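Take a look at the letters that make up each chain.
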Amino acid sequence: MKTVGLCLEALDVLFFRDGRPFMDGTEQMLSGLPLPQTLAGAICTALMQAAGCNFDRLRHALEEGKPFAEAVREACNTEAHWIGALAVRGPWLARWDKNPATLCEVLVPAPATLHWAKGKTGGQPLFALAPLGEELPGWHPVPEEQRRPLWLKASVITEPVEGYLTPAGLSHFLEGKPVSATEVVPAGDLFGLDYRIGIGISPERLVSEESQIYGRGFLALKQGVFLYAEVCLPDDAPQGVLDPLTTLAFGGESRHVLCHRLERPFAWPHEVPSTGEQKPLVLLTTPCVFEHGWKPKALAGRLTAAAVSGSVAFSGWDLARGGPKPTRFAVPAGSVYFLDDLPDDAPSLLAETEDDRRQGWGCYVTGVWNYV
């Protein structure tokens, strides 16, 4: 497959709903950041529209339980069958780089193991939790798993780092080197919320409803900040297939982004080889849904410890089937898995279903760690 990097620049504020319903009694709805299924759906829909896809046939095929690729073959002309094999990665927050050799810098959520001294966010090195090598009194893991507690050997009160790592900070973290607080970009430097007030309208009388005032917070990207995505084109995709993607309907409220190709995709850090006492770790850069909650099947039997900060609830509207998607829970980006060893046949993504892999859930990078 050929990977193409895309820049998605917001033409206005954007709106991405979470898994909570918006109904009577809901006073405020705030936009979150876009999830992989939103990006993949927007790109595939735009390409199928440009190819003259029959969406009624697509919906009928999906209702029969056919895989997405087979449904596309039934709904599109032969020249567009490649869309069924298309894979999307991302989205990630990004900003333009002053270095023309790299074009842009992609920012990933800070790893869940990174902490800083409470109340101090200057240029001091950050603290990184790691598995404790020695025995800890009172620690009784499940016998067949024998996981280790995460530990910090420092007499200081800390709190989890909030924000996004620069490419330099990401490389330092993956290499097991100290990460400076200057390599963390606060969320407020990348985006904010634009609050607006709305009034409920009666569908029968087309007038405002009494006492139906609500607020919405739209995602507003800062100047110079955009969303970075990668499209993995199958080998049989014709030349120029992404040319129709000039503007893209993205998220709710009929919002759009300007879409254009980058000269080359972002250069993700190379895999850091384990040497001596070092062992491998996995850092999620996009959320992922696992059958067994927070535990990836692909890493079963190799986990020494894990840092997972909560979960992401999401749903959505299935345009093909004409109904809501079931609510699911994903492990957030920034989760860290400490391994005894990395499988020789490790998948390129940790997602456990074909649809989730196609949409880009479970993207990750690898690094190294040592016991403390």
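Scroll up to find the structure this text is about.
Residues numbered from 1 in each chain as written. Predicted model: local features only at pLDDT ≥ 70, side-chain atom pairs only at ≥ 80, totals over all residues. Heavy atoms only, no water.

(A) Structural view of the packing of aromatic side chains. Taken as a whole, this structure holds 12 aromatic pairs when the rule is applied. Where tyrosine 228 meets phenylalanine 266, the ring centres are 6.4 Å apart and the plane angle is 70 degrees; that geometry is what we call edge-to-face. Residue tyrosine 228 is found in strand E14 (residues 225-233), and its partner phenylalanine 266 is found in the loop between strand E16 (256-261) and strand E17 (279-284); the two are separated by 38 residues along the sequence. When its relative accessible area of 10% is taken as the criterion, phenylalanine 266 is described as buried. Where tryptophan 369 meets tyrosine 371, the ring centres are 4.9 Å apart and the plane angle is 80 degrees; that geometry is what we call edge-to-face. The class for tryptophan 369 is buried, based on a relative accessible area of 4%. Joined through ring pairs, the aromatic side chains of Trp92, Tyr228, Phe266 and Trp268 make up one cluster. A cation over a ring is seen here: arginine 358 above phenylalanine 68, with NZ or CZ 3.9 Å from the ring centre. (Phe/Tyr/Trp six-rings, centres within 6.5 Å; stacked < 30°, edge-to-face > 60°. Helix = DSSP H or I, 4+ residues; strand = E, 2+ residues; numbered from the N terminus. Buried < 20%, exposed > 50% of the residue type's maximum accessible area, 1.4 Å probe, protein only. Lys NZ or Arg CZ within 6 Å of the ring centre and 35° of its normal.)

(B) Highlighting the pattern of salt bridges. For the coordinates displayed, the defined rule picks out 13 salt bridges. For the salt bridge of glutamate 134 with lysine 153, the shortest nitrogen-to-oxygen distance reads 3.5 Å. Of this pair, glutamate 134 sits in the loop between strand E7 (130-131) and strand E8 (150-151) while lysine 153 sits in the loop between E8 and strand E9 (158-160), placing them 19 residues apart in sequence. Arginine 302 serves as the salt-bridge partner of aspartate 341, at 2.7 Å between the closest nitrogen and oxygen. Of the two residues, aspartate 341 sits in the loop between strand E23 (336-339) and helix H5 (354-359) while arginine 302 sits in the loop between E17 and strand E18 (303-307), which places them 39 residues apart along the sequence. Since its relative accessible area comes to 35%, aspartate 341 is described here as partly exposed. Exposure remark for arginine 302: the relative accessible area of 26% places this residue in the partly exposed category. Through salt bridges with shared partners, a single ionic network connects Glu64, Lys66 and Glu74. (Salt bridge = Lys/Arg side-chain N within 4 Å of Asp/Glu carboxyl O.)

(C) How the structure looks around the sheet that holds E18. Read from one edge to the other, the open sheet built from four strands follows the order E18-E23-E17-E24, with strand pairing classed as antiparallel. With partners counted over all chains shown, the strands left at the sheet margins are E18 and strand E24 (364-369), one partner each. Sheet twist, expressed as the mean angle between neighbouring strand axes with direction ignored, is 20 degrees. (Pairing = 2+ DSSP bridges. Axes fitted to C-alpha atoms, helices over the stretch in contact; angles between N-to-C directions.)

(D) The sheet that holds strand E6 (residues 127-128), seen in detail. One open sheet holds the three strands; their spatial order is E6-E5-E9, and the pairing between them is antiparallel. Strands at the two margins of the open sheet, each flanked by one partner only, are E6 and E9. Where strand E5 (residues 114-117) lies against E6, two bridges are found, and the strand directions are antiparallel. Its bridge partner being in E6, leucine 114 is matched across the sheet by alanine 128.

(E) Up close: unusual backbone geometry. With an omega dihedral of 5 degrees, the bond running from glycine 90 to proline 91 counts as a cis peptide bond. Turning to its location among the elements, proline 91 is positioned in strand E3 (residues 87-96).

(F) Expanded view of the packing of helix H2 (residues 55-63) against helix H3 (residues 68-75). The contact between H2 and H3 brings their axes to 8 Å, and the two run at 145 degrees. Every pair of crossing elements has a handedness; the one defined by H2 and H3 is right-handed. In this structure, H2 contributes Arg57, Leu58, Ala61 and Leu62 to the contact, and H3 contributes Phe68, Ala71, Val72, Glu74 and Ala75. Looking at the contact of H2 with H3, its residues break down into seven nonpolar, no polar and two charged. (Left-handed = near helix turned anticlockwise from the far one by under 90°. Contact = heavy atoms within 4.5 Å. Nonpolar A, V, L, I, M, F, W, Y, C, P; charged D, E, K, R; others polar.)

(G) The arrangement of the environment of leucine 62 in detail. With respect to the element layout, leucine 62 can be found in helix H2. A residue is classified by how much of its surface remains accessible, and leucine 62, at 10% relative accessible area, is buried. Between the C-alpha atom of leucine 62 and that of valine 72, which follows or precedes it by 10 residues, the distance is 9.4 Å.

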